[in-house]
Amino acid sequence: MSRRIDILGAGLSGLSAATILARGGYDVHVHEIRKDSGARFDGDFQGLENWSSDTDFFDEMREWGLDPNEFKSDAFSIIDLIHPDDEISNPVTDGIAFRVVERGTDEHCIDQGFKRMALAAGANIHYETRKDPSECDIIAAGPKESSAVAFGEIFHTDHPNHVAFQLNDKLAPGAYSYLIIIDGIGLICTCLWRQQKKSGRYLNETIAWYEEHYELNRQPIKRVGGKGDFSLPDHYIHEDRHYVGEAGGLQDFMWGFGMRYAITSGAMAANSIMDSNDYEKQVRSRLIPLIRASAINRFLMNRIGDRGFKMVARYWMRDQARKGDGLAFMKWVYQPGLFRRALWPIVKIGMLRRKQLADGRMVSRMPFRKALSRDVWEASPRAEEIGVQWKSQQRGGGHTSFSENDA
Ligand SMILES: Cc1cc2nc3c(=O)[nH]c(=O)nc-3n(C[C@H](O)[C@H](O)[C@H](O)COP(=O)(O)OP(=O)(O)OC[C@H]3O[C@@H](n4cnc5c(N)ncnc54)[C@H](O)[C@@H]3O)c2cc1C
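Keep in mind that this is a model prediction, so the values were computed, not measured.

Participant: Honestly, the packing of helix H6 (residues 279-301) against helix H10 (residues 344-351) in this entry has me stumped. Any pointers?
Facilitator: Angle between the axes and distance between the axes are the two parameters that describe a pair of packed helices. Contact geometry for H6 and H10: axes closest at 10 Å, N-to-C directions at 65 degrees. Here H10 runs roughly perpendicular to H6, going by the angle between their axes. In the packing of H6 onto H10, the handedness of the crossing is left-handed. Together, Arg292, Ala295, Ile296 and Phe299 of H6 and Trp344, Val347, Gly350 and Met351 of H10 make up the contact between the two elements. Residues of the contact of H6 with H10, tallied by class, amount to six nonpolar, one polar and one charged.

Participant: Is there a simple way to think about the site of the ligand in this case?
Facilitator: The ligand sits among 35 residues. The nearest are Gly9, Gly11, Gly226, Gly245 and Gly258. Mapped onto the shell around the ligand, the elements with two or more residues apiece are helix H1 (12-23), strand E3 (45-49), strand E14 (219-228) and helix H5 (259-275). Here the shell around the ligand spans two domains, since at least three of its residues come from each of domain 1 (4-52 + 103-144 + 230-286) and domain 2 (148-228 + 377-406).

Participant: Teacher, can you tell me more about the packing of H1 against helix H3 (residues 110-121) here?
Facilitator: Packing of H1 against H3 leaves a shortest axis separation of 8 Å and a crossing angle of 20 degrees. Comparing their axes, H3 and H1 come out roughly parallel. Here the hand of the crossing between H1 and H3 comes out left-handed. Note on element contacts: H3 touches H1 through Ile110, Asp111, Phe114, Lys115, Met117, Ala118 and Ala121, opposite Leu12, Leu15, Ser16, Ala18, Thr19, Ala22 and Arg23. Residues that form the contact of H1 with H3 fall into these classes: nine nonpolar, two polar and three charged.

Participant: Looking at this structure, how should I read the nonpolar core?
Facilitator: Taken as a class, soluble globular proteins show a tendency for nonpolar side chains to be buried jointly. Counting residues in each nonpolar core, the largest one holds 113 residues, and the members touching the most others are Ile7, Ala17, Ala18 and Leu21. For Leu21, the residues in contact, after removing those within four places along its chain, are Ile5, Tyr26, Val28, Ala270, Ile273 and Met274.

Participant: Explain H3 here, please?
Facilitator: Along an α-helix, residues three or four apart share an orientation, since each turn contains 3.6 residues. Look at H3: 17 Å from first C-alpha to last across twelve residues, which is about the 16 Å you get at 1.5 Å a residue. Three or more residues of H3 are buried, namely Ile110, Asp111, Gln112, Gly113, Phe114, Lys115, Met117 and Ala118. Looking at the buried residues of H3, the elements they touch are H1, strand E2 (27-31), strand E7 (98-102) and strand E8 (124-126).

Participant: What should I look at first to understand the pairing of E2 in this one?
Facilitator: Along any regular strand, the residues point their side chains to alternate faces of the sheet. In terms of strand pairing, strand E1 (residues 4-8) meets E2 through five bridges, oriented parallel. Bridge assignment links Ile7 to a residue of E2, and that residue is Val30. Following the chain from E1 across H1 to the adjacent parallel E2, one finds a crossover that is right-handed. In terms of strand pairing, E2 meets E8 through three bridges, oriented parallel. Its bridge partner being in E8, Val30 is matched across the sheet by Ile125.

Participant: Before we go on, may I ask you to explain the domain arrangement of the chain in this structure?
Facilitator: Quite often, the size of an interface is put as the accessible area lost when its parts meet. Partitioning the chain into domains gives domain 1 (4-52 + 103-144 + 230-286), domain 2 (148-228 + 377-406) and domain 3 (293-365). Centre-to-centre, using C-alpha coordinates, domain 1 lies 25 Å away from domain 3. The partner domain 3 presents 17 residues to the 14 residues of domain 1 that form the contact. Sort the elements by how many residues they give to the side of domain 1 that touches domain 3 and strand E15 (residues 231-233) lands first, with three residues.

Participant: Teacher, can you tell me more about the pairing of E1 here?
Facilitator: Two strands pair when backbone bridges link them, and E1 and strand E9 (residues 138-139) are joined in this way by two bridges, in the parallel orientation. Residue pairing in the sheet places Ile7 in a bridge with Ile138 of E9.

Participant: For this particular structure, what's the right way to read the sheet that holds strand E16 (residues 237-238)?
Facilitator: The pairing of strands in a sheet comes from backbone hydrogen bonds and takes either a parallel or an antiparallel form. Read across the open sheet, the six strands follow the order E8-E2-E1-E9-E17-E16; overall the sheet is mixed. Each edge of the open sheet carries a strand with a single partner, namely E8 and E16. Those strands touched by H1 are E1, E2 and E9, and its axis lies near 165 degrees from that of E2.

Participant: Looking at this structure, how should I read helix H7 (residues 306-323)?
Facilitator: Its 18 residues place the ends of H7 25 Å apart at the C-alpha level, agreeing with the 26 Å of an ideal helix rising 1.5 Å per residue. Summarising the contacts, the buried residues of H7 are in contact with strand E5 (80-82), strand E11 (162-167) and helix H8 (327-333). Backbone geometry just after H7 places Gly324 at a positive phi near 70 degrees.

Participant: For this particular structure, what's the right way to read the environment of Gly266?
Facilitator: Topologically, Gly266 is positioned in helix H5. Take Gly266: there are 32 C-beta atoms within 10 Å of it, and that puts it in the buried class. Taking the C-alpha atoms as reference, Gly266 lies 8.9 Å from Ile20; in sequence the two are 246 residues apart. Ignoring any residue separated from it by four or fewer positions in sequence, one finds Gly266 in contact with Leu12, Ser13, Gly14, Ser16, Ala17, Ala140, Val244 and Gly245.

Participant: Looking at this model, I keep getting lost on the environment of Phe165. Mind explaining?
Facilitator: Inspection of the secondary structure assignment puts Phe165 in strand E11. When the C-alpha positions of Phe165 and Gly25 are compared, they lie 43 Å apart, and in sequence the two are 140 residues distant. Every residue in contact with Phe165, bar those within four places of it in the chain, is listed here: Ile79, Leu81, Ile82, Tyr176 and Tyr178.

Participant: Where do I start with the sheet that holds E15 in this structure?
Facilitator: Read from one edge of the open sheet, three strands run E15-E19-E18, paired in antiparallel fashion. In this open sheet, the two strands that pair with only one neighbour each are E15 and strand E18 (353-356). When strand polarity is set aside, the average angle formed by the axes of neighbouring strands in this sheet is 30 degrees.

Here is what the cut-offs are and how they apply
Residues numbered from 1 in each chain as written. Predicted model: local features only at pLDDT ≥ 70, side-chain atom pairs only at ≥ 80, totals over all residues. Axes fitted to C-alpha atoms, helices over the stretch in contact; angles between N-to-C directions. Helix = DSSP H or I, 4+ residues; strand = E, 2+ residues; numbered from the N terminus. Parallel < 35°, antiparallel > 145°, perpendicular 65-115°, else oblique. Left-handed = near helix turned anticlockwise from the far one by under 90°. Contact = placed C-beta atoms within 7 Å. Nonpolar A, V, L, I, M, F, W, Y, C, P; charged D, E, K, R; others polar. Near = placed C-beta within 6 Å. Domains from an automatic or database assignment. Core = buried A, V, L, I, M, F, W, Y, C linked by C-beta atoms within 7 Å. Buried ≥ 20, exposed ≤ 12 C-beta atoms within 10 Å, placed from the backbone. Expected span 1.5 Å × (residues − 1). Pairing = 2+ DSSP bridges. Right-handed = clockwise from strand over helix to strand, strands pointing away.

And the structure:
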């Protein structure tokens, strides 16, 4: 009889592991607390990055037997980079910088594509079930605590497909905001790397900014969001359980691009179980150097405001002019030289806090930073109007899938 494998969580990391193991002949059972894969999200667009390795991520997926054609994706080689002083420049590359995918329960969403692959491979997925983590071989249950949050609004628009990325410490404290438009649907999102009492005002002000600079003709549909959990556990296998994706703290401390880590770590855990090789070693050699680099960059970003963000944006464009490739900067960000590497002991002490989790694991986690005095400002009249517009949208059935209380 084939060996039984139990996986907690039917998100990207869990389903990536489930597909590979089921195809390898294992009796795979995935236990998901929600009613469907992708139900944690609600039609949000996310970027699947293509810069943390020289191999195109879709080629990597194919090597693991995961089919990128199972879900809709739109490739981008250019973005608007919005500097904190509102200057807009364009990092551009010859290849694919990233792909936009949709998260949620619609058929074309990445979560549903991964669900189809797992089912076709023969995995059993049990939705709306609770399973004791101690009975599972792989823990893929996503983030538990908040180190940062993101809030966004989804809307109808007649603007062509577009992606903009804004470094702005006022609209997105310590982080960035973004605009993604795909086939008549837009998402404006602000990421908060500092904890705020009234997070909605950041989104209203961010929407006001984008409306002023782009012809959006915005018709709000719903508001979405979620949290990110950034930590470095002492071990990725604990009491024989493999921790994958964000449940294992495998997240990008700098920007929150966790999908690639989730899918990769799921595949690594599955292959380790099948070949009896060491998941812990693979994570440490392939993923931890990138995550450590992102933590060092985050430490530095926590120390700068808009003046520093402007320097980053300028450096990015100068780097592009020198090397003829806008993606070279993003690759450099994840390959720290001597100076940044030397900062690691300071980052550990200065930014990460030791904590024992309920399951007994020891982690060094990044706590949600407190607000700064510069986070208090008066909302603009247009942002106030956008807030009122959203309230009336809510009364008419406009749905919010994430609230400040979820953080
Ligand atoms: C608003 C927002 C925007 C983001 N944007 C990007 C982006 O642009 N690019 C990017 O790469 N990443 C982005 N991320 C991060 C990315 O979504 C995550 O890193 C990735 O989904 C993690 O995958 P995972 O498999 O660990 O978790 P998930 O894909 O979330 O899956 C975890 C699953 O476990 C289930 N679960 C939870 N608890 C239990 C339990 N007790 N029992 C059973 N099941 C359970 C959940 O319901 C869920 O289905 C974003 C995150 C947020 C919140």
